[in-house]
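# What the coordinates show
Listed here are the chains, written in short residue letters.
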Amino acid sequence: PRRISLTAGPTAAAEARRQVREAICAWDAPVDTGVAVLLTSELVTNALAHETGETLTLTITCVCGQLRVDVHDTSCAMPVLIEAPPDAETGRGLMLVASLATDWGFHMTRAGKAVYFTLGFEDDL
């Protein structure tokens, strides 16, 4: 597993995407890298909207035939999946995660919460 501390700021999503790309490549994980990077970006962007501290933590694991990405923040606000219209400028992030990920969810931590998604390995990659 990889555990990376990200500075909560404008470069956090780009750094998270880079870390996920590198992990997928290093582990030769048979997942769609584009989808993994997109969903990581959505989780980090959501976390930044609620983070009051200076860092987020990104955890990337590859186990039991799936890639899992967790984004930890210090907010206790639970993520809410809303039905945003296609032309909405905000609110579609978790809808995207829910539709493209194999699974997603969140759990409370001592410091706040972690939101995660998983992507199952694809046989044809």
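Shown above is the structure to which this text applies.
Residues numbered from 1 in each chain as written. Predicted model: local features only at pLDDT ≥ 70, side-chain atom pairs only at ≥ 80, totals over all residues. Heavy atoms only, no water.

Following both chains from N to C, one finds helix 1 (residues 12-27) and helix 2 (residues 33-50) inclined at 145 degrees, their axes separated by 9 Å at the closest point. Two packed elements cross with a definite hand, and for helix 1 against helix 2 that hand is right-handed. Contacts between helix 1 and helix 2 involve A12, A13, A16, R17, V20, R21 and I24 on the former and, on the latter, T33, A36, V37, T40, S41, V44, T45 and L48. Split by residue class, the contact of helix 1 with helix 2 holds nine nonpolar, four polar and two charged. (Axes fitted to C-alpha atoms, helices over the stretch in contact; angles between N-to-C directions. Helix = DSSP H or I, 4+ residues; strand = E, 2+ residues; numbered from the N terminus. Left-handed = near helix turned anticlockwise from the far one by under 90°. Contact = heavy atoms within 4.5 Å. Nonpolar A, V, L, I, M, F, W, Y, C, P; charged D, E, K, R; others polar.)

Attention now moves to the pattern of salt bridges. A full pass over the atoms with the stated rule returns four salt bridges. Two residues, E22 and R18, come together in a salt bridge whose shortest N-O distance is 2.4 Å. Here E22 pairs with R18, and both are found in helix 1, just four residues apart, close to one helical turn. Given the relative accessible area of 36%, E22 is considered partly exposed. In this structure, K113 and D73 form a salt bridge, with 3.0 Å as the shortest nitrogen-oxygen distance. Residue K113 is found in strand 5 (residues 113-120), and its partner D73 is found in strand 3 (residues 66-73); the two are separated by 40 residues along the sequence. Comparing K113 with D73, the two get one shared label, buried. Residues joined in a network through salt bridges with shared partners are E15, R18 and E22. (Salt bridge = Lys/Arg side-chain N within 4 Å of Asp/Glu carboxyl O. Buried < 20%, exposed > 50% of the residue type's maximum accessible area, 1.4 Å probe, protein only.)

This brings us to the packing of aromatic side chains. One pass over the structure, following the stated rule, counts zero aromatic pairs. R68 extends its terminal NZ or CZ atom over the ring of Y116, reaching a point 3.8 Å from the ring centre. (Phe/Tyr/Trp six-rings, centres within 6.5 Å; stacked < 30°, edge-to-face > 60°. Lys NZ or Arg CZ within 6 Å of the ring centre and 35° of its normal.)

Between helix 2 and helix 3 (residues 93-100), the shortest axis-to-axis distance is 9 Å and the interhelical angle comes to 145 degrees. Considering only the axes of helix 2 and helix 3, their crossing is left-handed. Judged by residue contacts, V35, L38, L39, E42, L43 and N46 of helix 2 engage G93, L94, L96, V97 and L100 from helix 3. Class assignment for the residues of the contact of helix 2 with helix 3 results in eight nonpolar, two polar and one charged.

Membership of the largest hydrophobic core comes to 28 residues, with the highest contact counts inside it found for L6, V44, L58, I60 and F117. Listed by contribution, the elements that provide at least two residues to this core are strand 1 (2-7), helix 1, helix 2, strand 2 (55-63), strand 3, helix 3 and strand 5. In this view, L6 contacts A12, E15, A16, V44, E54, T55, L56 and L58; residues no more than four positions away in its chain are not counted. (Core = buried A, V, L, I, M, F, W, Y, C linked by side-chain atoms within 4.5 Å.)

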